[in-house]
Amino acid sequence: MIIHRIKSLLHQKLRPSRLVVDSAGIVGSFRRKYIHFKILLDSNAQLLNILSDIEEKLKGKTVFGLVWLRSQCIKITFHTGRMIRSFEILSGRKYPELYQTLDAITRELDISEASASLPLCEEDILFYPQIDSGKYGCVGGKSAHLAEICNHVGLVIPRGFAITTAVFRKWVESESLYPFIRKEKEKLDVIQPETVMDVSRAIQEALGRTELPEEIACHLLDAFDWLSQDVGVDRERMRVAMRSSALGEDTEMSFAGQYLSVLNVTRDRLLAEYKHVVASLFSENAISYRQHMGIPFQDAAMSVACLEMISSVISGVMYTRHPFDASSNQIIVHALWGLGPYVVDGRIEPDMFRVEREPALWLKEKKIADKTVKLIADEAGKLIEEAVPDELRKKACLSEDQVLKLAEYGMKLEAHFGCPQDVEWAIDPDGRIVILQSRPLKIEAQTDKNSPLDPPPSDGYEVLIEGAEIANPGIGIGKAVIVRSLSDMADFPEGAILVVPNSSPQYVLVLPKVQGVIADAGSMTGHMAAICREYRVPTLMNARGATQTIQQGEMVTVDALRGRVYRGEVTELAEYREDCGAFMKSSPVYEMLNSRARWIIPLNLVDPKSDQFTSTNCRTIHDIMRYLHELSYGEIFHLSDQASDKWNVALKLVSGIPLDLYIVDLGGGVSPDRSSSPRVKIDEITSVPFRALLSGMSRHEFQMAEPRPIELSGFFSVMSRQLLDPPNMTTERFGDKSYAIISNKYLNFSSRVGYHYSILDAYCGKTAAKNYVHFQFKGGAADALRRERRARCIAVILEHYGFLCEVMGDRVNARYAKDTSAHIVERLDILGRLLMYTRQMDMLMKSDEAIQVLAKQFIDGNYALSSDHMEG
């Protein structure tokens, strides 16, 4: 009461005189301005969501692509312009300088719709001697590299031809398929694996139902017949390998194992298998991978390499450098008996050879595995697994001469392509080394944090796995999730350790969520290992028995520095964890986002009281948002004051609530049966969200509450501020009216008590997706520290009830959305209680401990504040 009297005396002369204006257009004008205030708030909320999304994407751990980036930039421009237009209508003033700033920013954000597409291909078929560097857009990375190896490096490759992207476009981009595929892709939510699976299944089924055009089918079969003549084999006995060669594949992005290869294909299966390889462009793991790497839908096209089938006696993979130890000078060769899929798929452990490059090539180390089975091609066009004879199981696949010859070929390929290479090779029955594929090998430089540790952790930790092969170094800690099928990945939790029986590129669906990978089988040269390195995930392969030893859900530590897995969290290793999931930071689309974010995210207008807080000082989208949002509340307060004082169209609420509360009904907010009195009672309110708020505010605990306790230091903090601070006619006004602008399902509540104000904007209807509550609280009568503590206390309480909160100084922004009307009503009732509970709370905030004490009191339903609570 003392404060109220002092303030009344200070501001008595500032109170406006009452002037009643009777005009039919007043309510319409009010409604129009208020609608634009609501539009401004909506666009501000949309922009805040976009800014939060961008900040999350800038961490590099969340999936996004060029399509997402382009759409976000368009939304940013739209909503910022919408805020400016709405504020001009609300305020009745023009702001050309804000439009000029927005135009300049829009030019910086522009992402042209036209992608950097390659020239369209005219030929359906190209044999490898015909392919030069200008044909990449026709044949994709794999075939382009094979042609280079054949035509310019002089090494042996399988004879064959490329089915070009022209065939792909004629079939997949036909009127019967392309609109359907594009519509399905629009449904994608790549964060939810089940959505990716559904879209993938629908597209692949559509491709399976659609026949190839007759002209294309004839071209493919004719090329097969030409190849059989070149090889010198009757076309009925001719077998080919059909391997994906998509645009972007085998470049700086490996796409390792994401697309399909089919071996030992007969002529009668050629067309069907071509369709299967093309359909793999839309497999769930391939869709996820492209989204992760920011490759637009329109830039994905598939060429297929059709190669003579090499009946490999021995197959393997060669890395011309160590994949993550840049200091190593070794070439690494892995080899198995039979065909190559068992090497790249991690089916069984291969032989391993390490070759030193200098001063001359020499075999430094070899590790011979027990190779129990091999994959072979039979005459019927099938692949079959057969046992390795006992005398060969533990015998080295390669002689020392063969290892050194492979290493020599690897150095030639590295020299030609100008970077380390990941090479797939085979040795045919005649003993020839045949290069099946060569692609850039991405090298991750070793950092201090992923260097071997010395000493190792103490013996107090139980070692579950020892001696596993490190596919990507690092430390991962989390709960183990054992995955044995695609269905197990649908609900994969964030931050878990992926434990699998064998390595497979299909696990790309969940790699953005994992903290580490453990596989029973596999090797560092396999497809999954390559993908895990791209995602920067600590990975152990060939961790025998992991799926049996590790229990589902138990906490484990992956030590991918020593090849171990520990039970529980090893605290000594926790500090060596890196931001391993920041896989996006190396992608081109991330750089595009990063360069644009500086025009969006930074906030320069931080202090509304500063002389610099002007429209001409807005430099970023965030500046424009903050400026308009801050001024809009002053405008709506002024508009509401006019409604009650000048226009006389507001209704005064009669209740026991200690607020001078006025209501503007936009339609359906009050009972149509009430009298024409300018006063309205609570039971005459029909607005669903407003009734819920009043329910909380009018609880008997608040009506019967004793006077709030006086904490002297807090009281004098309040007094000193109120006596010395000049009045501000927008937000810092004592004892002014509060307003509720309502309809049957809508509420905007503006409350000003003392030196604080709150704004609540809510919609509560039958459709959960449309429902929301936005709440903002700011200010207070005490010093800055106590005001900030109250803001933090409010955030603690609201977060308990499911609100998303942001605290900036003494301001709290809270959001709750997309829930049933019953739950929205519950949250509004809670906010009503909170508004009453927090009156003059800043006086009680003498320490940080008071934050949790007072929050717990509210959550426990104890709304009476006593002097005991202030001691917290």
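What comes next is a walk through the structure.

What counts, and where the lines are drawn
- Residues numbered from 1 in each chain as written.
- Predicted model: local features only at pLDDT ≥ 70, side-chain atom pairs only at ≥ 80, totals over all residues.
- Heavy atoms only, no water.
- Pairing = 2+ DSSP bridges.
- Helix = DSSP H or I, 4+ residues; strand = E, 2+ residues; numbered from the N terminus.
- Axes fitted to C-alpha atoms, helices over the stretch in contact; angles between N-to-C directions.
- Parallel < 35°, antiparallel > 145°, perpendicular 65-115°, else oblique.
- Left-handed = near helix turned anticlockwise from the far one by under 90°.
- Contact = heavy atoms within 4.5 Å.
- Nonpolar A, V, L, I, M, F, W, Y, C, P; charged D, E, K, R; others polar.
- Salt bridge = Lys/Arg side-chain N within 4 Å of Asp/Glu carboxyl O.
- Buried < 20%, exposed > 50% of the residue type's maximum accessible area, 1.4 Å probe, protein only.

All right, on to the sheet that holds strand β12 (residues 421–427) then. Reading across the sheet, the six strands line up as β9-β8-β7-β6-β12-β13 and stay open at both edges, with antiparallel pairing between neighbours. Of all the strands in the sheet, the pair left with one neighbour each is β9 (362–367) and β13 (433–440). The sheet shows a mean angle of 20° between the axes of neighbouring strands, taken without regard to direction. Taken together, the six bridges between strand β6 (residues 314–319) and strand β7 (residues 330–337) define a ladder with antiparallel strand orientation. Counterpart to V317 in the pairing with β7 is H334.

Quick look at the packing of helix α20 (residues 688–697) against helix α24 (residues 821–837) now. At a minimum axis distance of 6 Å, the contact between α20 and α24 shows a crossing angle of 40°. Regarding the angle of α20 to α24, the classification is oblique. Note on packing geometry: the crossing formed by α20 with α24 is right-handed. In contact with V688, P689, A692, L693, S695, G696 and M697 of α20, α24 contributes V825, L828, D829, L831, G832, R833, L835 and M836. Residues of the contact of α20 with α24, tallied by class, amount to 10 nonpolar, three polar and two charged.

So, about the pattern of salt bridges. Counting across every chain of the model gives 36 salt bridges. In this structure, the salt-bridge partner of E414 is R357, at a minimum N-O distance of 2.9 Å. You can see E414 sitting in helix α14 (residues 400–417) and its partner R357 sitting in the loop between β8 (351–356) and β9, a full 57 residues away along the chain. The exposure class of R357 is buried, given its relative accessible area of 10%. Linking D848 and R792 is a salt bridge whose minimum nitrogen-to-oxygen distance equals 3.6 Å.

Reading across from one edge, β14-β21-β20-β16-β17-β18-β19-β15 is the order of the eight strands in this open sheet, with mixed pairing throughout. Single-partner strands in this sheet number two, and they are β14 (463–465) and β15 (469–472). With strand direction ignored, the average angle separating the axes of adjacent strands in the sheet is 35°. Note: strand β16 (residues 474–482) against strand β17 (residues 497–500), three bridges, orientation parallel. Directly across from V481, in β17, lies its bridge partner L498. Along the sheet, helix α15 (residues 527–534) makes contact with β15, β17, β18 (516–519) and β19 (539–541), crossing β15 at roughly 50°.

With that settled, the discussion passes to unusual backbone geometry. Geometrically, the link from E358 to P359 is a cis peptide bond, its omega value of 0° lying close to zero. Mapped onto the elements, P359 comes out in the loop between β8 and β9. Notably, N542 is not glycine yet its phi reads approximately 55°, a positive angle. Positioned with a positive phi, K818 is a non-glycine residue whose angle comes to about 55°. Here K818 is to be found in the loop between β30 (811–817) and α24.

Read these as geometric descriptors, not functional statements.
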